[in-house]
Amino acid sequence: MIQSEPERPSLAGGRAASGSTIALALGGGGARGLAHLHVLAAFEDLGLRPGHIAGTSIGAIVGAGAASGLSAAAIEDHVLAVLATRRHVFGTLWRTRPPTLAEFRAEGGFRLGQLNAERVVAAFLPPGLPPDFERLAIPLTVMATDFYGASECAIETGDLVSALAASAALPAIFRPVRRDGLVLVDGGITNPLPFDVFGASTQVIVACDVTGGPERGVLPLPTPTEAMFGASQLMMSAVIRAKLACKAPDILVQPPVSTYRVLDFLQARRILAETRGIREDVKRRLGALLEAREATASPSPPESA
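Since the model is a prediction, treat every value here as computed from it, not as a measurement. (Residues numbered from 1 in each chain as written. Predicted model: local features only at pLDDT ≥ 70, side-chain atom pairs only at ≥ 80, totals over all residues. Heavy atoms only, no water.)

Q: Mind showing me how you'd approach the side chain of Asp-132 here?
A: If you trace the backbone, Asp-132 turns up in the loop between helix 6 (117-124) and strand 6 (140-146). Among the polar contacts listed, one links the side chain of Asp-132 to the backbone nitrogen of Arg-135, at a separation of 3.3 Å. (Helix = DSSP H or I, 4+ residues; strand = E, 2+ residues; numbered from the N terminus. Polar contact = N/O pair within 3.5 Å; in protein donor to acceptor, adjacent residues only side chain to side chain.)

Right, here's the structure in full:
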């Protein structure tokens, strides 16, 4: 089922500000989105659990892991295991090929833009994830783009893998995904940082933006592939800036990820190491915000006679 205005009950756990719901938005950005794990770790350090998670592309995939109950450390261990070597990654991709040669040819083979997103996403997900949204421990909204409807789609129910695949179906790499009678592509096209999809009961919104941008350097002429992915970054950044001009989340986190490319997943260990500092930054900012909210909400002591 696809909805435009999700309404979910709060499942916030741990310490919160006067019972408020804390929502977490995780944006798209390919390999750069591995930095989201540090935001999850910061929540855990504070003894908090989001009451609602919304994600786009890699943000949806990381968010699904957290919504299933996995810790940030468990997700990181899985990431480093499945992305350990180039040989292991390509071996996993090879196993996602169609079962017959006829189907392989019908799907276009291993050509650019022809990979089956559902098989690839399923192959790299942590084992044991629930098959559908309804069995997640935390409500999750996955953002995709309705190709023919020219609009964003918030997916909240039904099969989980097809939703994650649709959200991550970057046209340059994957074929579009058919789901619920729609043709869906990468959610980053219409909503790369979904901090605006939460219900009215949400009182604190934390958003992590990992779009980055093409590095200036010595201004080399980009290759066609670099130009394609760089243009995607620029487009997502423009959408996010427009959204921020209308309404901003309570806390916006932007890890230093611009030096990495969308497909730099084999640099996972380095990306995680170089962005680890945002864990303390989120803890400090979120902790201070919650303390300020608690102080404002607490009644003043009666004056002595």
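Q: Where do I start with the environment of Gly-230 in this structure?
A: Relative to the helices and strands, Gly-230 is located in helix 8 (residues 224-246). Separated by 19 residues in sequence, Gly-230 and Thr-211 have C-alpha atoms that sit 9.9 Å apart.

Q: Where do I start with the pattern of salt bridges in this structure?
A: Any two side chains of opposite charge can pair, on the condition that their charged atoms come close. Considering all chains together, one arrives at 12 salt bridges under this definition. For the salt bridge of Asp-196 with Lys-243, the shortest nitrogen-to-oxygen distance reads 3.3 Å. Here Asp-196, found in the loop between strand 9 (182-186) and strand 10 (202-208), pairs with Lys-243, found in helix 8; they are 47 residues apart in sequence, far enough to count as distant. We classify Asp-196 as partly exposed; its relative accessible area is 39%. Taking relative accessible area as the criterion, Lys-243 reaches 13% and is therefore assigned buried. Its salt-bridge partner being Asp-250, residue Arg-293 comes within 3.1 Å of it at the nearest N-O pair. Remark: Asp-250 occurs in the loop between helix 8 and strand 11 (251-253) and Arg-293 occurs in helix 10 (residues 278-297); sequence separation between them is 43 residues. You can call Arg-293 partly exposed: its relative accessible area is 30%. Overall, Asp-250 belongs to the partly exposed group, its relative accessible area being 36%. A single network of salt bridges, built from pairs that share partners, joins Asp-45, Arg-279, Glu-280 and Lys-283. (Salt bridge = Lys/Arg side-chain N within 4 Å of Asp/Glu carboxyl O. Buried < 20%, exposed > 50% of the residue type's maximum accessible area, 1.4 Å probe, protein only.)

Q: Help me out: how do you make sense of the packing of aromatic side chains in this one?
A: To describe a pair of aromatic rings, you give the distance between the ring centres and the angle between the ring planes. Within this structure, the stated rule accounts for one aromatic pair. Between Phe-147 and Tyr-148, the ring centres sit 5.0 Å apart and the planes meet at 85 degrees, which makes this aromatic pair edge-to-face. Exposure remark for Phe-147: the relative accessible area of 48% places this residue in the partly exposed category. Overall, Tyr-148 belongs to the exposed group, its relative accessible area being 68%. Above the face of the Phe-195 ring, Lys-243 is positioned so that its terminal group lies 4.5 Å from the ring centre. (Phe/Tyr/Trp six-rings, centres within 6.5 Å; stacked < 30°, edge-to-face > 60°. Lys NZ or Arg CZ within 6 Å of the ring centre and 35° of its normal.)

Q: Looking at this structure, how should I read the confidence of the model for the protein chain?
A: Interpretation of the predicted coordinates at a detailed level should be avoided for regions scoring low in pLDDT. Predicted confidence across the protein chain gives a mean pLDDT of 87, with 84% of residues reaching 70 or more. A low-confidence stretch, residues 1-19 stays under pLDDT 50, and its non-local contacts, those more than four residues away or across chains, total 62 contacts. (pLDDT = per-residue confidence, 0-100. Contact = heavy atoms within 4.5 Å.)

Q: Whenever I open this one, the nonpolar core confuses me. Can you help?
A: Nonpolar side chains tend toward joint burial in soluble globular proteins. Within the largest apolar cluster, 73 residues are counted, with the highest numbers of intra-cluster contacts made by Leu-140 and Leu-286. For Leu-286, the residues in contact, after removing those within four places along its chain, are Phe-43, Leu-46, Leu-48, Val-204, Val-206 and Ile-251. Core analysis: the second largest hydrophobic core is formed by 12 residues, Ala-154, Leu-193, Phe-195 and Ile-205 among them. (Core = buried A, V, L, I, M, F, W, Y, C linked by side-chain atoms within 4.5 Å.)

Q: Please clarify how unusual backbone geometry should be interpreted in this entry.
A: If a residue is not glycine, its phi is most likely negative; likewise, a peptide bond is most likely trans. The phi dihedral of Ser-57 falls on the positive side, at around 55 degrees, and the residue is not glycine. Tracing the chain through its elements places Ser-57 in the loop between strand 5 (52-56) and helix 2 (58-67). Look at Ser-57 and you get buried, because its relative accessible area is 12%. The backbone phi angle of Ala-150 is positive, close to 50 degrees, even though this residue is not glycine. Secondary-structure assignment places Ala-150 in the loop between strand 6 and strand 7 (151-155). The exposure class assigned to Ala-150 is exposed, which follows from its relative accessible area of 66%.

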